[in-house]
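# Topology and contacts: notes
So you can see what is in the structure, the chains are spelled out below.
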Amino acid sequence: MIIYLHGFNSGGQSQKAAWLRARLAPIVVFAPTYAAHRGHDAVRALRKFIARLRRENPQDPKLMLIGSSLGGFWAQYLAKNWKNRGQIPGSDPDFSMVLINPSLRPDETLARHVGRYRNEATGGETVLTAVDVAGLRHYRVEPCDPDVPTLVLLDDADGVLDYRVAEAAFRGCGRTLVYPGGSHRFEHLSEALPEILALYRG
């Protein structure tokens, strides 16, 4: 199974989630809506969601997390957490990650974005506080884990996060592809689709 983790001020019905569902079919793509900017709430919701999916789909041992921006941050955290608990033994070919313009230090990069936002994916409102931002530091992990098959997808014209930070963090770890131009939304999913499928199929 594939689980897409959206970023800040987004949701499971976002355009990127819908695109992945359509293009990766017949592989089923699940995409929960969760409070990505609230550390404790995000971790609790994602653990519960993923545990339920794995119970309901025992015949499908494969698990890929595709995380965009802050969702990439949570994908890294969950992978590290599972490994520490022995739920991902060593280099598990059935587990992999795709990180799209991932946020590595959201407690720093989100600090200037405190405020209220309309959530286009859910139609609701997202409120980001300084307490929310500071709390994310507790969940930071070393981004590069050579035991976890990882694909990092970056647009070099990302105007929100400096792509060079992720490029350097994952150098020599997994596979990193940097595309010219684009934006923080990531404009090269079509080109990257074969790479995502190759990683998933092992």
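Our structure's up above, just so we're on the same page.
Residues numbered from 1 in each chain as written. Predicted model: local features only at pLDDT ≥ 70, side-chain atom pairs only at ≥ 80, totals over all residues. Heavy atoms only, no water.

## Observations concerning the overall build of the protein chain
For the record, the criterion: Strands here are runs of E lasting at least two residues and helices are runs of H or I lasting at least four, both read from the DSSP assignment and numbered beginning at the N terminus. Put simply, the radius of gyration uses C-alpha atoms, and a globule should come to 2.2 Å times the residue count raised to 0.38. In this scheme, a residue with accessible area under 20% of its type's maximum is buried, one over 50% is exposed, and one in between is partly exposed, where area comes from a 1.4 Å probe on protein chains only.
Along the backbone of the protein chain there are seven helices and eight strands. Radius of gyration (C-alpha) of the protein chain: 16 Å, near the 17 Å computed for a compact globule of 202 residues. Each principal axis of the C-alpha atoms in the protein chain carries an extent, and together these give about 45 × 35 × 30 Å. Within the protein chain, buried positions represent 49% of all 202 residues.

## Section: the side chain of H184
The line we're drawing: Think of a polar contact as two N or O atoms within 3.5 Å of one another; within protein, one of them needs to be a possible hydrogen donor and the other a possible acceptor, and neighboring residues in sequence only count if both atoms come from side chains. Two residues qualify as a contact provided that any one of their heavy atoms is within 4.5 Å of a heavy atom in the partner residue.
Mapping H184 onto the fold places it in the loop between β8 (175-179) and α7 (189-201). On the accessibility criterion, H184 (18% relative accessible area) is buried. For H184, the side chain forms a polar contact with the side chain of D158, separated by 2.8 Å. When sequence neighbours within four positions are dropped, the list of residues in contact with H184 reads S69, N101, D158, G159, V160 and L161.

## Observations concerning the pairing of strand β7 (residues 150-155)
Threshold: When DSSP locates at least two bridges between a pair of strands, those strands are taken to pair. If you view a crossover with the strands going away from you and the path from the first strand over the helix to the second runs clockwise, you call it right-handed.
The buried fraction of β7 is high, at six of six residues. What you see with β7 is no split at all: T150, V152 and L154 on one side and L151, L153 and D155 on the other are buried throughout. Strand direction decides the pairing type here: strand β4 (residues 95-100) and β7, joined by four bridges, are parallel. Among the inter-strand pairings, I100 is bridged to a residue of β7, identified as L153. Pairing geometry for β7 and β8, over five bridges, is parallel. Across the sheet, L153 pairs through a bridge with L177, a residue of β8. In terms of handedness, the path from β7 via helix α6 (residues 163-169) over to β8 forms a crossover that is right-handed.

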